[in-house]
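Here's the letter readout for the chains.
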Amino acid sequence: MRILVSACLLGYNCKYNGKNNLNKKIVELLKDHEVIPVCPEMLGGLCCPRIPCEKVGDRILDKEGNDCTKQFIKGAEIALNIAKEKQVDIAILQRRSPSCGYSVIYDGTFTGNLVTGSGVFAQMLQDLNIPIMEAESEKFV
Ligand code: SF4
């Protein structure tokens, strides 16, 4: 299978804080598959480390109130084009992220609260009917 994966899950230091979300179970699961790592936020031109962002309505704001929506959309579109070019079978995404979060994301208050919803990139994948699995779903924890 061709599997697109949030790069931070594979150990890339692309998180807002310059760290990663390495998930060894996912790395093990992927060893016999073609893996396509992407970080939509980095593809959109955001730096690393960067101020954390959350989805607030239709916009993406950082913790200081700066509007980063354009960078998020640009990065998600680039990542989506990669997914389409590679004809990925499925995407495994990091939870809660305003880019990669699928079904549950932070609520925009920077307090750790969660709401139902998807990040910018995850929503684009959903709109194309590309199957998504969450990093912390039962299969991976
Ligand atoms: S945008 Fe996605 S891949 Fe990049 S750090 Fe955030 S969750 Fe990980």
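Given the structure is predicted, the values throughout are model-derived calculations rather than measurements.

Colleague: Sorry, what's going on with unusual backbone geometry here?
Modeller: Glycine aside, residues mostly have negative phi angles, and peptide bonds mostly take the trans form. In this structure, the amide linkage connecting Cys48 to the following residue, Pro49, adopts the cis form with an omega of 0°. Mapped onto the secondary structure, Pro49 falls in the loop between α2 (40-43) and β3 (53-56). The phi angle at Gln87 is positive, at roughly 50°, despite the residue not being glycine. By the element assignment, Gln87 lies in the loop between α3 (69-86) and β5 (90-93). In this model, Phe110 sits at a positive phi of 55°, which is unusual for a non-glycine residue. Tracing the backbone through its elements, the reader meets Phe110 in the loop between β6 (104-106) and β7 (114-116). For Phe110, a relative accessible area of 23% puts it in the partly exposed group.

Colleague: Looking at this structure, how should I read the site of the ligand?
Modeller: Lining the immediate surroundings of the ligand are 14 residues, of which Cys8, Cys14, Cys39, Glu41 and Cys100 lie closest. Cavity membership is defined here by more than half of the atoms lying within 2 Å of grid points; on that basis the ligand lies in the largest pocket.

Colleague: Just checking my understanding: could you explain the environment of Ile51 for this structure?
Modeller: Mapping Ile51 onto the fold places it in the loop between α2 and β3. The exposure class of Ile51 is partly exposed, given its relative accessible area of 33%. With 11 residues separating them along the chain, Ile51 and Asp62 place their C-alpha atoms 6.0 Å apart. When near neighbours in sequence (up to four residues on either side) are disregarded, Ile51 contacts Asp62, Lys63 and Glu64.

Colleague: Where do I start with the pattern of salt bridges in this structure?
Modeller: Where charged atoms from two side chains of opposite charge approach closely, those side chains can pair. According to the stated counting rule, one finds 5 salt bridges in the structure shown. A salt bridge links Glu34 to Arg2; the shortest N-O distance between them is 3.2 Å. A residue pair is termed long-range when its members are at least 10 positions apart, and Glu34 in strand β2 (residues 34-38) and Arg2 in strand β1 (residues 2-6) qualify at 32 residues. Residue classification places Glu34 among the partly exposed positions, given a relative accessible area of 37%. Given the relative accessible area of 32%, Arg2 is considered partly exposed. For the salt bridge of Arg95 with Glu134, the shortest nitrogen-to-oxygen distance reads 3.4 Å. Of this pair, Arg95 sits in the loop between β5 and β6 while Glu134 sits in strand β8 (residues 132-134), placing them 39 residues apart in sequence. Note on Arg95: relative accessible area 21%, which makes it partly exposed. The exposure class assigned to Glu134 is buried, which follows from its relative accessible area of 16%.

Colleague: So what exactly am I meant to see when it comes to the pairing of β5 here?
Modeller: For a regular strand, side-chain orientation follows a simple rule: the groups alternate between the two sheet faces. Residues of β5 alternate between two faces, with Ile90 and Ile92 on one and Ala91 and Leu93 on the opposite face, all of them buried. Note that β1 and β5 share 3 bridges and pair parallel. Across the sheet, residue Leu4 finds its bridge partner in β5, namely Ala91. Both β5 and β8 contribute to a ladder of 3 bridges, which runs parallel. Looking at β8, one finds that Ile92 is bridged to Met133.

Thresholds, definitions, all that
Residues numbered from 1 in each chain as written. Predicted model: local features only at pLDDT ≥ 70, side-chain atom pairs only at ≥ 80, totals over all residues. Heavy atoms only, no water. Helix = DSSP H or I, 4+ residues; strand = E, 2+ residues; numbered from the N terminus. Buried < 20%, exposed > 50% of the residue type's maximum accessible area, 1.4 Å probe, protein only. Near = heavy atom within 4 Å. 1 Å grid on protein atoms, 1.4 Å probe; cavity = no way out; pocket = protein on both sides within 12 Å on 5 of 7 lines; lining within 4 Å. Sits in = over half its atoms within 2 Å of the grid points. Contact = heavy atoms within 4.5 Å. Salt bridge = Lys/Arg side-chain N within 4 Å of Asp/Glu carboxyl O. Pairing = 2+ DSSP bridges.

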